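Inside the fold
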Amino acid sequence: MIYHIDYVSEGLHVKGYLGLPPQLSLNRSQEMSETVDAIPGVTVTGTLACSLYKDPVPEGASGSIEPKLPLVLYCRGGIGRIGAVRLKWVEEFAAQGYTVFAPAYRGNEGSEGRDEFGGADTMDVITALEWLSRIPWIDNSRMHLLGFSRGAINAAVAAARSSHVSKMILWSGVSDLAQTYEERIDLRRMMKRVIGGTPTKFPERYLLRSPIHYADRIRCPVLIVHGTRDEQVLVEHSFRMLDKLQELGHQPEAHLYEGLGHHFPPLQHAAAINRMFDWLKRS
C-alpha cells in the first residue's frame, strides 16, 4: 500500500509517498497510516493503487512481518518531472519488508517552495527523518537512506547532519556537482538558473551540493552502486567518493555493474535491489 503524504518542512507543505509492505493486511496498513496521520505536521491525504500486488492479504495473514519495521528513505533524482519519485521503486523496496518514504522535495508535485537541487531542499529529508523516527512501529535502529542520482546530494547531507541514519546507499550518485556541470552541458542552463551561476562564480554553492564534501561527517556504513557505462552520472563520481571515504578510514562497499547505464534493465535492476537489501539486512 502506498499513501500520499503532506508534511511540513521549514514551514512549507511538502509532498511525499509512504510505502508499506504488501504482506500486511489492509486493516493493519490502515491502522499504521492512522498513526502517521496523528503526528503533528503530517497528514495522510490519500492512497495510491499498487501494481505489483493486486490481491489483498487475508486478515491475520501478515506473514513474517516484524512488529517494528526497518525504514528506507528514498531520495529521488532529477528536478521537477525529470527523475520524479518512481512509485514502482517504492513498491519494490516495500516488498522487501520495509517501510519506504520518498519525499518529492519542495517545489515538486504540488509541494510549496522551490527545489534548489540539493540546497535548502535537503531539509525535506532531514525533517522527514525526524517525524519518521517518532512512529512507534518504525525501528529507529534501522533507518536507512537511499540516494539515486541527484538524490545522492540530499542523502549525503542528511547522513552528515542527522543522528537517525543507520546505513546509506548511493546509487548512480553524483559526488561532485562542479564535475557534473563540466560533464553535462545539457544541464548547465538549469544549474545556473537554480543555483544562481556557474561553479567558477559560486564555487561554495557547488561544494555544498557535493556529497564528497560531507564524507568526513558521514558516520554510517555506505554502499555505492553504479553502472560502469553510466552516461548521465559517470562512474568516476562513485570512484572519487569511494576513494575519499577510504582515505578517511571508512570501509565502503561497492556494487559495480559492468556495461550498465544510469538505469538498469529489468532483470539486472531486480537483482541489484535484492543485493542492496541483502547488504542492508546484514547486522
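None of these values were measured; they are calculated from a predicted model.

On to the overall build of the chain. Helix and strand counts for the chain come out as 9 helices and 9 strands. Relative to the globule expectation of 19 Å for 283 residues, the C-alpha radius of gyration of the chain, 18 Å, shows essentially globular dimensions. With the C-alpha coordinates of the chain rotated into their principal frame, the extents come out at 60 × 40 × 30 Å. Per-residue burial for the chain yields a buried fraction of 54% across its 283 residues. Here the analysis covers contacts within the chain between residues at least 6 apart in sequence; of these, 73% occur between residues at least 24 apart. Total accessible area computed for the chain in this model is approximately 12400 Å², and 51% of it derives from carbon and sulfur atoms. Of note, the chain has its 31 positive side-chain charges centred 4 Å away from the centre of its 32 negative side-chain charges.

A word on the sheet that holds strand 1 (residues 2–9). On the basis of which strands lie adjacent, the open sheet formed by 9 strands has the order 3-1-2-5-4-6-7-8-9 and mixed pairing. Both edges of this open sheet fall to strand 3 (42–48) and strand 9 (253–257), since each of them pairs with a single strand only. Across the sheet, the axes of successive neighbouring strands diverge by a mean angle of 20 degrees, strand direction being ignored. Of the pairings in the sheet, the one linking strand 2 (residues 12–19) to strand 5 (residues 99–103) comprises 4 bridges and is antiparallel in character. In the strand pairing of strand 5, Gly-16 is matched with Pro-103. Contacting strand 1, strand 2, strand 3, strand 4 (69–75), strand 5, strand 6 (138–148) and strand 7 (167–171), helix 2 (residues 87–94) crosses the sheet at an angle of about 155 degrees to strand 5. Along the sheet face, helix 4 (residues 151–161) touches strand 4, strand 6 and strand 7 and points at about 145 degrees away from the line of strand 6.

This part covers helix 9 (residues 266–281). Its 16 residues place the ends of helix 9 23 Å apart at the C-alpha level, agreeing with the 22 Å of an ideal helix rising 1.5 Å per residue. Along helix 9, the residues that are buried comprise His-269, Ala-272, Ile-273, Met-276, Phe-277, Trp-279 and Leu-280. All buried residues of helix 9 fall inside an arc of 150 degrees around its axis, so they share one side. For helix 9, exposure combined with an orientation more than 90 degrees from the buried face picks out Leu-267 and Asp-278. Elements in contact with the buried residues of helix 9: strand 4, helix 2, strand 6, strand 7, strand 8 (222–227) and strand 9.

Cut-off values and rules
- For every chain, the first residue of its written sequence is number 1, and the numbers climb from 1 along that sequence.
- Owing to the predicted nature of the model, reporting of local features is limited to residues with pLDDT of at least 70; listing and counting of side-chain atom pairs is limited to 80 or more, with chain, interface and lining totals taken over all residues.
- To get the side-chain values, take all heavy atoms of the structure and skip hydrogens and water.
- Working definition: helices are DSSP H or I runs of at least four residues, strands are E runs of at least two. Numbering for both runs from the N terminus.
- Two things to know: the radius of gyration comes from C-alpha atoms, and the globule rule equals 2.2 Å times the number of residues to the power 0.38.
- The buried label applies to any residue whose accessible area, calculated with a 1.4 Å probe on protein chains only, is under 20% of its type's maximum; exposed applies above 50%, and partly exposed to all values in between.
- Any two residues whose heavy atoms approach within 4.5 Å at even a single point are treated as in contact.
- The method behind every accessible area is Shrake-Rupley, applied with a 1.4 Å probe, and residues are considered shielded solely by the protein chains displayed.
- Asp and Glu are treated as the negative residues and Lys and Arg as the positive ones, with His and the ends of the chain left uncounted.
- Taken as the charge centre is NZ of Lys, CZ of Arg, CG of Asp or CD of Glu, depending on the residue.
- For two strands to pair, DSSP has to find at least two bridges joining them.
- In this analysis, axes come from line fits to C-alpha atoms, helices being fitted only over the stretch in contact, and the angle between any two N-to-C directions falls in the range 0 to 180 degrees.
- In a helix, the anticipated span is given by 1.5 Å times the number of residues less one.
- To be clear, the arc concerns the directions from the helix axis to the C-beta atoms.

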